[in-house]
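Here are the chains, one letter per residue:
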Amino acid sequence: MARMDYRADLLSVARAFGQATNRSLPRVSTMVRNDGKFFDRLERGAGCTMATYEACMRWFTSNWPEGVDWPDGVARIEKRSAEDAA
């Protein structure tokens, strides 16, 4: 079984989102985590909890631009229904 590299996945999705929306990685970081250095820290080898990973991926899933392909090889978390979020 292949090992998931959650940092690479998060960065791939963040970069693709930034490119698709013409936003810098620090701006995307602020939008997703309210922390402009979050993705920079991941690039430098820092980690995050699975809860943070899932929250980021849910944010990207909920805010993904229409007509833009999700990065290949990165698992996408399903959107939560209103009932699930309650």
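For the structure, see preceding data.
The model shown is predicted, which means the values in this text are computed figures rather than measured ones.

## Focus on the overall build of the protein
On a plain count of helices and strands, the protein comes out with 5 helices and 0 strands. For the protein, contacts bridging at least 24 residues in sequence account for 51% of all contacts bridging at least 6. Roughly 5800 Å² of accessible area belongs to the protein as shown, and the carbon and sulfur atoms make up 45% of that amount.

## Topic: the nonpolar core
Ranked by internal contacts, the top residues of the largest apolar core, which has 20 residues, are Leu10, Val13, Val28, Phe39, Met57, Phe60 and Trp70. If one sorts the elements of this core by residue count, helix H1 (residues 6–21) sits on top with 6 residues. Residue contacts for Trp70: discarding those within four places in its chain leaves Val13, Met57, Phe60, Thr61, Trp64, Ala75 and Arg76.

## Points about the pattern of salt bridges
For the coordinates displayed, the defined rule picks out 3 salt bridges. Note that Arg44 is salt-bridged to Asp40, the shortest N-O span being 3.1 Å.

## Points about the environment of Ser12
Relative to the helices and strands, Ser12 is located in helix H1. On the basis of relative accessibility, which here comes to 27%, the residue Ser12 falls in the partly exposed class. For the pair formed by Ser12 and Trp70, sequence separation is 58 residues and the distance between their alpha carbons is 9.5 Å. Residues in contact with Ser12, not counting those within four places in the same chain, are Pro71 and Val74.

## Considerations on the environment of Ser29
Assignment of secondary structure puts Ser29 in helix H2 (residues 25–33). For Ser29 and Leu11, which are 18 residues apart along the polypeptide, the C-alpha to C-alpha distance reads 10.0 Å. Beyond its immediate chain neighbours, meaning those up to four positions away, Ser29 contacts Asn34, Asp35, Gly36, Lys37, Phe38 and Phe39.

## Regarding H2
One full turn of an α-helix is made of 3.6 residues, so residues set three or four places apart face in the same direction. Listed in full, the buried residues belonging to H2 are Leu25, Val28, Ser29 and Val32. Projected down its long axis, H2 shows its buried positions confined to an angular sector of 105°, all on one face. On its buried side, H2 packs onto H1, helix H3 (38–43) and helix H4 (50–63). Of the residues trailing H2, Asn34 is marked for its positive phi of about 55°.

## Remarks on the side chain of Ser29
Its relative accessible area of 0% is what places Ser29 among the buried residues. Side-chain polar atoms of Ser29 contact the backbone nitrogen of Phe38, separated by 3.1 Å. Within the local environment of Ser29, its side chain forms a polar contact with the backbone nitrogen of Phe39, the two atoms lying 3.4 Å apart.

Parameters and conventions
Residues numbered from 1 in each chain as written. Predicted model: local features only at pLDDT ≥ 70, side-chain atom pairs only at ≥ 80, totals over all residues. Heavy atoms only, no water. Helix = DSSP H or I, 4+ residues; strand = E, 2+ residues; numbered from the N terminus. Contact = heavy atoms within 4.5 Å. Areas by Shrake-Rupley, 256 points an atom, 1.4 Å probe, with all protein chains shown as cover. Core = buried A, V, L, I, M, F, W, Y, C linked by side-chain atoms within 4.5 Å. Buried < 20%, exposed > 50% of the residue type's maximum accessible area, 1.4 Å probe, protein only. Salt bridge = Lys/Arg side-chain N within 4 Å of Asp/Glu carboxyl O. Arc of directions from axis to C-beta. Polar contact = N/O pair within 3.5 Å; in protein donor to acceptor, adjacent residues only side chain to side chain.

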